[in-house]
Amino acid sequence: MGRRAKNKQDAPLPLDLDKTYDGKVTKGVHDRLKHQSIRAHKQREAAALGQNGGGRAKKRKSGSSNSKREAAAAASKKPRQESDDDSGTDDSGGAAAGVLDAPDDGWDNASLESDSELDGAGSGSELDGSTDEFDSAEEMVTAQEPGPGALDLLGDSSGSEDGFESYDEIGTDDDSMDGADGDAAMTFRDMERRSRMLDAQRAEDVEMAEMEQADAKAAVADGERELFALPTEEQVAAETEAPPDLPLVQLRIQEIIRVLNNFAQLRDPERSRNDYTEQLKRDLCHYYGYNDYLMTKLLQLFPVAEAVEFFEANEVPRPVTIRTNTLKTRRRDLAQALINRGANLDPIGKWTKVGLTIFDAPVPIGATPEYMAGHYMIQAASSFLPVVALAPQENEKVLDMSAAPGGKTTYCAALMKNTGLVVANDANREREKALVANVHRLGITNTLVSNYDGREFPKIMGGFDRVLLDAPCSGTGVISKDASVKTNKSDDDFRMLTHLQKELVLSAIDSANAASPTGGFIVYSTCSVTVEEDEAVVNYALRKRPNVRLVSTGLDFGRPGFTSFRGKDFHSSLALTRRFFPHTHNMDGFFVAKFQKISNKIQVPERSSSATTAATAAAGTATAGTARFIVPAGSGALLKRKKRKTKPSGGAT
């Protein structure tokens, strides 16, 4: 043990001494007890050497304390006489008498003559006193063996060989546990040894646990682990009626994933893969709270292990992010202002120069003076992506077909530096209130707000250089914000949404002007991760509008879109689209696709359906032989009729 600092409290006295000295433990008292203990220890060693013929003292066995005391007293008669002769003073005799009359309470209780002596020791008189006084006191201690419960203030009172030799001896040694016979009590050194032994035992336990884990992994690798058994039909029925045992369900999910990852070796021969996947789907529905329909759709997107990561990410809210309004401030100045208010923040990433992530702030981030002044907009990082892909330029004419609450609209206006025209349209009048408020707060002056159904474009207005369509969707990418998506989506909802998305994307394409010198781009995005709302809609647009093509989004991260899914093949250019997931990119699930319109004319085959013909007749058509060209009204292009020579058909009619 290390040396005790001078300002630390000394070890407490036994109860009897504590009463005698009124609880005062001075330096003099401590030193005297220390020297007495040293002298008693040396005397015991001398007595033991005399009895055993010079051999090393062994550990004492349990026995009568009186017989031990008499043996020690007989062995120390000669040292006692020498001590008395050498000291020869009344003070030393009084000290010796005090030692002989000390109570058997486990301490070498050398009594002091008065409280004044105690006070003098406390003032440092005994520390600076003569050495002879200490020597006489130490010699007088040899006349009496200290009590069997004496506490060695220096540590080891029995030598290195007398300590505990093993962990088992600590709790079973008769000498250390026999308090009735007054055997030796635990010392500070013994306590230190016990602590070291406990640490060693703990380290050994940790090492054994690591070895067991390694053996378990090796057993799994070798296929030696016990096969996981799926619950029976009766157990499944019982679990359905009772509340789910979540720890059991979680453990079963992990076991099923382990089996599916190594199905050939870990499977139950009597069970098929479909049995495991069905049980996994039921357990995931119980554990994460999804309905069966949506769980089936999501499990089709990922491998089972990654699907669990996706579900776990949906249980954690995404970081709060803000977008700097470059019309009023710079990101550096905004960050410094928020840091001065106690906010902890960082840039979102290298892909954006205006985004900041707010980790924590002592004030509401939506109520700061900077927010009220329009220096920033609270906006999800995923909502930056469509505008970054659209890349509007100054003095362009831009349409945002579904604009509320205005995050993407105001971002477009900021990139255009309040030049040109931004038409912010939304079909929901209530949501447009927030749109108008944000436009005014952020100082946007080039924006026109309209309230139309997006499917009415381009009849209302057309000829836009760029069109942004953030289509209404199921919200499967923002489950962390709206947990109701887990249970309120059905097949009818997806059918309705996909039909609406297909109509809106065709209207967005028709509203763009291919003759624009800088534009002719359309960006389609959703906050959904399902293929029906993403790749399937884009592939539909490519088939219905052959005058557009997919181009790179300009986003250097994200996963490529699917070119085939569950037996359905999509256009190969769908690899240019980008998917974003919460468990891989730490942002809301999102999908972004970018079209470029290469012509304002749509060539329709002769065998087109009557419904398509009726829908496009109002826009204007030009028929020539076996081909028909459609120019949507409002696209900004003039209607041109192209005539083709038709060959006379031969033969009888």
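Attention now goes to the sheet that holds strand E3 (residues 355-360). With antiparallel pairing, 4 strands are arranged side by side in an open sheet as E2-E3-E1-E4. The outermost strands of the open sheet, each flanked by one partner alone, are strand E2 (344-347) and strand E4 (376-378). Each strand axis lies, on average, 30° off the axis of its neighbour in the sheet, ignoring direction. Examined bridge by bridge, E2 and E3 share 4 bridges and lie antiparallel to one another. Across the sheet, residue Leu345 finds its bridge partner in E3, namely Ile358. Against the sheet, helix H17 (residues 331-340) contacts strand E1 (320-324), E2, E3 and E4, and its axis sits at roughly 10° relative to E3.

Judged by side-chain charge, Glu204, Asp205, Glu207 and Glu210 come together as a negatively charged surface patch. Tracing the chain through its elements places Asp205 in helix H10 (residues 188-221).

Okay, the nonpolar core next. Across soluble globular proteins, nonpolar side chains show a tendency to be buried alongside one another. With 62 residues, the main nonpolar core has Phe311, Val505, Tyr524 and Phe595 as its most contacted residues. The dominant element in this core, judged by the number of residues it contributes, is helix H23 (residues 491-511), at 7 residues. The contacts of Phe311, once residues within four sequence positions are left out, are Leu284, Tyr288, Tyr290, Met295, Leu298 and Leu299. Residues Val354, Val387, Tyr411 and Cys412 belong to the second largest nonpolar core, which totals 20 residues.

So, about helix H15 (residues 292-299). Of the residues making up H15, those classed as buried are Leu294, Met295, Lys297 and Leu298. Projected down its long axis, H15 carries its buried residues within an arc of 160°, all on one side. In this structure, the buried side of H15 is in contact with helix H14 (273-288), helix H16 (304-314), helix H22 (485-488) and H23.

Further remarks concern the packing of H14 against H15. It is the contact of H14 with H15, at a shortest axis distance of 10 Å, that shows an interaxial angle of 120°. Of the two elements, H14 crosses H15, and the hand of that crossing is right-handed. On H15, the residues that touch Lys281, Leu284 and Cys285 of H14 are Asp292, Met295, Thr296 and Leu299. In the contact of H14 with H15, the residues fall into 4 nonpolar, 1 polar and 2 charged.

Turning our eyes to something else, we now look at the packing of aromatic side chains. Across all of its chains, the model carries 14 aromatic pairs by this definition. Considering the side-chain rings of Phe310 and Phe311, the 5.9 Å spacing of their centres and the 65° angle between planes classify their relative orientation as edge-to-face. Take Phe310 and Phe311: they sit in the same class, and that class is buried. Aromatic rings pair up to connect Tyr287, Tyr288, Tyr290, Phe302, Phe310, Phe311 and Phe581 into one cluster. Over the face of the ring belonging to Phe263 we find Arg273, whose NZ or CZ atom lies 5.2 Å from the ring centre.

One pass over the full model with this rule turns up 22 salt bridges. One salt bridge connects Lys486 with Glu315, and the closest N-O pair in it is separated by 2.7 Å. Remark: Glu315 occurs in the loop between H16 and E1 and Lys486 occurs in helix H22; sequence separation between them is 171 residues. A residue is classified by how much of its surface remains accessible, and Glu315, at 39% relative accessible area, is partly exposed. Between Arg579 and Asp534 there is a salt bridge whose closest N-O contact spans 3.6 Å. Placement of the pair is Arg579 in strand E14 (residues 578-580) and Asp534 in the loop between strand E9 (521-526) and helix H24 (535-544), with a sequence separation of 45 residues. Both residues of the pair, Arg579 and Asp534, count as buried. Each of the salt bridges in this network shares a partner with another, and the network as a whole consists of Glu278, Lys281 and Asp292.

The next subject is the pairing of E3. With 4 bridges joining them, E1 and E3 adopt antiparallel strand pairing. What sits directly across from Arg323, in E3, is Gly355.

Attention now goes to helix H20 (residues 407-415). Working note: α-helix, 3.6 residues per turn, so residues spaced by three or four point in the same direction. For H20, a buried count of 8 out of 9 residues is recorded, marking the element as mostly surrounded by other parts of the structure. Of the positions making up H20, those classed as buried are Gly407, Lys408, Thr409, Thr410, Tyr411, Cys412, Ala413 and Ala414. Where H20 terminates, the next one or two residues include Lys417, which has phi positive at roughly 55°.

Per-residue confidence for the protein chain gives a mean pLDDT of 75; residues scoring 70 or more make up 65%. Residue range residues 608-627 is modelled with pLDDT below 50. Its contacts to residues more than four positions away, or to other chains, number 35 contacts. In the predicted structure, residues 637-653 sits below a pLDDT of 50 and forms 17 contacts with residues beyond four places in sequence or in another chain.

With that settled, the discussion passes to unusual backbone geometry. Following Ala404, the chain continues to Pro405 via a peptide bond in cis, the omega torsion being 5°. Along the polypeptide, Pro405 turns up in the loop between strand E5 (397-400) and H20. Each neighbour pair has its own omega, and for Phe457 with Pro458 the value is 10°, a cis peptide bond. Structurally, Pro458 is set in the loop between strand E7 (447-450) and strand E8 (466-470). Despite not being glycine, Asn418 has its phi angle at roughly 60°, a positive value. Turning to its location among the elements, Asn418 is positioned in the loop between H20 and strand E6 (421-425).

Further remarks concern the packing of H14 against H16. As a packed pair, H14 and H16 sit with axes 12 Å apart at the nearest point and diverge in direction by 10°. Considering the angle they form, H14 stands roughly parallel to H16. Of the residues in H16, those touching H14 at Leu280, Leu284, Tyr287 and Tyr288 are Val304, Val308, Phe311 and Glu312. Here the residues of the contact of H14 with H16 sort into 7 nonpolar, no polar and 1 charged.

This next bit is on the side chain of Asp470. If you trace the backbone, Asp470 turns up in strand E8. Owing to a relative accessible area of 15%, Asp470 belongs among the buried residues under this scheme. Side-chain polar atoms of Asp470 contact the side chain of Lys408, separated by 2.9 Å. A distance of 3.1 Å separates polar atoms of two side chains, one belonging to Asp470 and the other to Ser525. Look past the residues within four positions of Asp470 in its chain and what remains in contact with it is Ser402, Lys408, Ser525, Thr526 and Phe590.

Cut-offs used in this document
Within every chain, residues take consecutive numbers counted from 1 along the sequence as written. Only residues with pLDDT of at least 70 get local features here, since the model is predicted, and only at 80 or more are side-chain atom pairs given and counted; chain-wide, interface and lining totals rely on the full set of residues. To obtain the side-chain values, all non-hydrogen atoms of the structure were used and water was disregarded. When DSSP finds two or more bridges between two strands, those strands count as paired. Segments assigned H or I by DSSP are reported as helices when at least four residues long, segments assigned E as strands when at least two residues long, and all are numbered from the N terminus. Only the stretch in contact is used when a helix axis is fitted, and all axes are lines through C-alpha atoms; the angle between N-to-C directions ranges over 0 to 180 degrees. By definition, residues are in contact when any of their heavy atoms lie within 4.5 Å. Without a salt bridge and with relative accessible area above 30%, a residue can belong to a patch; like charges are then joined within 9 Å and nonpolar side chains (Val, Leu, Ile, Met, Phe, Trp, Tyr) within 5 Å. Computed by Shrake-Rupley with a 1.4 Å probe, the accessible areas treat only the displayed protein chains as cover when residues are assessed. Salt-bridge detection follows one rule: a side-chain nitrogen of Lys or Arg within 4 Å of a carboxyl oxygen of Asp or Glu. All tallies of charge rest on Lys and Arg as positive and Asp and Glu as negative; His and the ends of each chain are not included. A charged residue contributes its charge at one atom only: NZ of Lys, CZ of Arg, CG of Asp or CD of Glu. For the purposes of this section, nonpolar cores are sets of buried Ala, Val, Leu, Ile, Met, Phe, Trp, Tyr and Cys residues that join through side-chain atoms within 4.5 Å. For every residue, the accessible area obtained with a 1.4 Å probe (protein chains only) is divided by the maximum for its type, and the residue is called buried under 20%, exposed over 50%, and partly exposed between those limits. Taken from the helix axis, the directions to the C-beta atoms give the arc we talk about. In this scheme the crossing of two helices becomes right-handed for a clockwise turn of the near helix relative to the far one and left-handed for an anticlockwise turn of less than a right angle. Three residue categories are used. Nonpolar comprises Ala, Val, Leu, Ile, Met, Phe, Trp, Tyr, Cys and Pro, charged comprises Asp, Glu, Lys and Arg, and polar comprises the others, including Gly. When the centres of two rings from Phe, Tyr and Trp lie within 6.5 Å, Trp using its six-membered ring, the rings pair. Their planes under 30 degrees apart give stacked, over 60 give edge-to-face, and anything left gives tilted. Sitting over a ring, as applied to charges here, requires NZ of Lys or CZ of Arg to be within 6 Å of the ring centre and within 35 degrees of the ring normal. Known as pLDDT, the predictor's per-residue confidence is scaled from 0 to 100. An angle below 35 degrees is treated as roughly parallel, one above 145 as roughly antiparallel, one from 65 to 115 as roughly perpendicular, and anything else as oblique. Pairing of N or O atoms within 3.5 Å defines a polar contact, subject to two protein rules: one partner must be a possible hydrogen donor and the other a possible acceptor, and residues neighboring in sequence count only if both atoms are side-chain atoms.

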